[in-house]
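Structural overview for review
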Amino acid sequence: MSEHRIAMVGTPCEIMAASKLQHYTDSPIDVKLGLFCMENFSYKYFENLLKEYGLTMNDIEKFRIEKGFVFLFLKNKETVKIPLSVAKRIIRKNCNICVELTSETSDISIGSIGSDDGWSTLIIRTEKGEEIVNGAIDEKFIEAKELEESQFELLYRIAETKINKNLEYIEKREFFARPVLYQREKSDDLINKEISESNFMDLKSNVIDVGACVLCGACEYACGDNLITIDDTKPRMKGNCPEDCHACFAVCPRTFIPEALRNDNSKALGDFIKVLSVKSLRHTQGQDGSIVTTLLDYLLSNDIITEALIVDKEDLLAWKPYAKITNDIDEVVKSGGTKYSVCPVFKPLRDIKEEGK
Ligand SMILES: Cc1cc2nc3c(=O)[nH]c(=O)nc-3n(C[C@H](O)[C@H](O)[C@H](O)COP(=O)(O)OP(=O)(O)OC[C@H]3O[C@@H](n4cnc5c(N)ncnc54)[C@H](O)[C@@H]3O)c2cc1C
Ligand code: SF4
Ligand code: SF4
Ligand code: SF4
């Protein structure tokens, strides 16, 4: 058992990777705070798109996506709107085969859809999640109210629309022999057999080379021989894999999903205990209701976790995300706000693994 109890924040695909790490390995991740996520973008292509509007990443104070537009709130207090129909071309390819909006395998999911401005929608999925939210309410870190029926219906409808659109895309891909392994429903016995016959080369041909990689870095983290490195575009492997190693293939969120973590897509929000609308009573600098920041504050202040695994912005490259582990609440506050591109979120966990060795 790891001495670390880490709370991680991530998009649905990253949370699925964390869930697979928990399922297949001795993972230090204890609490999963999942974000809602409709799509994500390539940092480099985003920079190029901004150039067409005469802007750079450095000009942006905050991004927001709603009502069919990417809103850019500039540091000079102006607002620029890019239609999503235009921004569509910079969406990462792997997002077109993603059939989760709300991080269904998290303990608590958080997003803005459904709630009023300044509030967040929060889905409690596990007993652990419920205990955390109740504690945060009792200790006055957050306030909560019921989500109105019409707000819940809106959230459900949007989740269903994402799933159905991308299921159609998946069907087309499978027709052209571009596999989407994570949507194939197999028994755990068959999955274990597939895993036992697979290594990095199978990950490469079935996920990385066919535009399905979400760049989460779970494969890099899981590789006991440190053969995988991951850059801005994809994971690469150098060296010879031991015959009995299949770790990277097992933990990847885009290979087969074990039965315990799978949703057959008939429930657009997955399984949950309760849905609430919540607001922070402690922080305001976040993307929506600052709920992620506040829950991490509550978890750290009460020693429920030892560290938080968060995604901050690089100092020298504006809005470029990078993952870090911290137990400093000021760093958590600084990392508030949504970065609309990806980074290998599990990278900082490697140091902890090395420590364990
Ligand atoms: C790519 C992306 C797309 C999203 N799309 C939607 C959407 O369509 N609808 C919706 O309702 N909500 C969406 N969200 C979630 C939303 O933007 C907010 O993150 C969420 O509402 C929490 O807000 P907050 O104020 O509570 O969080 P904050 O208190 O601001 O904390 C945000 C936390 O998110 C983490 N974070 C920021 N960027 C990333 C990233 N790229 N990857 C992983 N973690 C990150 C940081 O670690 C930070 O701790 C999306 C988030 C991301 C990252
Ligand atoms: S694959 Fe894309 S749309 Fe799906 S959760 Fe990951 S970043 Fe979001
Ligand atoms: S050693 Fe194992 S985890 Fe590392 S690349 Fe090879 S198969 Fe994957
Ligand atoms: S190949 Fe590696 S980086 Fe890509 S999705 Fe799978 S685990 Fe994540």
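Preceding this section is the structure that the text describes.
Just so it is clear, the structure is predicted and the values come from calculations on it, not from any experiment. (Residues numbered from 1 in each chain as written. Chains lettered and ligands numbered in written order. Predicted model: local features only at pLDDT ≥ 70, side-chain atom pairs only at ≥ 80, totals over all residues.)

Regarding its fold elements, the protein presents twelve helices and 13 strands. Compactness check: the protein gives a C-alpha radius of gyration of 20 Å against a globular reference of 21 Å for 357 residues, within 12% of the reference. In terms of its C-alpha atoms, the protein occupies a principal-axis envelope of roughly 55 × 45 × 45 Å. (Helix = DSSP H or I, 4+ residues; strand = E, 2+ residues; numbered from the N terminus. Rg over C-alpha atoms; globule rule 2.2 N^0.38 Å.)

Looking now at the site of ligand 2. Ligand 2 sits among Thr11, Pro12, Cys13, Cys37, Glu39, Asn40, Arg92, Asn94, Cys95, Cys98 and Val214. For the shell around ligand 2, the class distribution of residues is six nonpolar, three polar and two charged. (Near = placed C-beta within 6 Å. Nonpolar A, V, L, I, M, F, W, Y, C, P; charged D, E, K, R; others polar.)

Close to ligand 4 lie 16 residues, the nearest being Cys213, Cys216, Ala218, Cys219 and Cys252. Breaking the shell around ligand 4 down by element, the ones donating at least two residues are α7 (200-208) and α8 (218-222). Sorting elements by how many residues they give to the shell around ligand 4 places α7 first, with three residues. By residue class, the composition of the shell around ligand 4 is 14 nonpolar, one polar and one charged.

Counting residues in hydrophobic clusters, the biggest one holds 85 residues, and the most contacted among them are Ala218, Cys248, Val251 and Leu295. If we skip the residues at most four places from it in the chain, Ala218 touches Ala17, Lys20, Leu21, Val251, Cys252, Pro253 and Phe346. Listed in part, the six residues of the second largest apolar core include Phe41, Leu50, Ile90 and Tyr340. (Core = buried A, V, L, I, M, F, W, Y, C linked by C-beta atoms within 7 Å. Buried ≥ 20, exposed ≤ 12 C-beta atoms within 10 Å, placed from the backbone. Contact = placed C-beta atoms within 7 Å.)

Here we take up the packing of helix α4 (residues 127-138) against helix α10 (residues 291-301). Look at α4 against α10: their axes get within 10 Å of each other, and the N-to-C directions meet at 90°. The orientation of α4 with respect to α10, classified from their angle, is roughly perpendicular. Residue-level contacts link Ile132, Gly135 and Ala136 of α4 to Thr294, Leu295, Tyr298 and Leu299 of α10. Residues belonging to the contact of α4 with α10 are distributed by class as follows: five nonpolar, two polar and no charged. (Axes fitted to C-alpha atoms, helices over the stretch in contact; angles between N-to-C directions. Parallel < 35°, antiparallel > 145°, perpendicular 65-115°, else oblique.)

Take the pairing of strand β11 (residues 274-280) next. Among the seven residues in β11, five count as buried, and that is most of the element. The pairing of strand β7 (residues 120-124) with β11 spans five bridges and is antiparallel. Bridge pairing links Ser120 to Val278 in β11. Relative to β11, strand β8 (residues 142-146) runs antiparallel, the two being bridged by five bridges. Counterpart to Glu146 in the pairing with β11 is Leu276. (Pairing = 2+ DSSP bridges.)

Once that is clear, we can look at the environment of Asp116. On the secondary structure map, Asp116 appears in the loop between β6 (108-111) and β7. C-alpha of Asp116 to C-alpha of Asp288: the two residues are 172 residues apart in sequence and 9.6 Å apart in space.

Buried within helix α2 (residues 43-52) are the following residues: Tyr43, Phe46 and Leu50. The arc that holds every buried residue of α2, seen down its axis, measures 55°, which confines them to one face. Exposed residues lying more than 90 degrees from the buried face of α2 are Asn48, Lys51 and Glu52. (Arc of directions from axis to C-beta.)

A few words on the environment of Lys88. Locating Lys88 in the fold gives a position in the loop between α3 (84-87) and β6. The exposure class of Lys88 is exposed, given the 11 C-beta atoms found within 10 Å. For Lys88 and Asn40, which are 48 residues apart along the polypeptide, the C-alpha to C-alpha distance reads 9.8 Å.

Attention now moves to the sheet that holds strand β3 (residues 60-66). Within a sheet, each strand pairs with its neighbour through backbone hydrogen bonds, oriented either parallel or antiparallel. If you trace the three strands from one edge of the open sheet to the other, you get β3-β4-β5, paired in antiparallel fashion. Two strands close off the open sheet at either side, each with one partner strand: β3 and β5 (79-83). Recorded for the sheet is a direction-independent mean angle of 20° between the axes of neighbouring strands.

Strand order in the open sheet formed by eight strands is β8-β11-β7-β6-β2-β1-β12-β13, with mixed pairing between adjacent strands. The strands lining the two open edges of the sheet, one partner per strand, are β8 and β13 (321-326). The average undirected angle you get between the axes of adjacent strands in this sheet is 30°. Pairing of strand β1 (residues 6-10) with strand β2 (residues 29-35) involves five bridges; the strand directions are parallel. Its bridge partner lying in β2, Ala7 is registered against Val31. Those strands touched by α4 are β2, β6, β7 and β8, and its axis lies near 135° from that of β7.

At Ser103, a residue that is not glycine, the phi angle is positive and equals roughly 55°. Summarising the element assignment, Ser103 is placed in the loop between α3 and β6. For Ser103, a count of 31 C-beta atoms within 10 Å gives the class buried. The residue Lys140 is not glycine, and still its phi comes out positive at about 60°. Among the structural elements, Lys140 can be located in the loop between α4 and β8.

Purely geometric numbers; function is a separate question.
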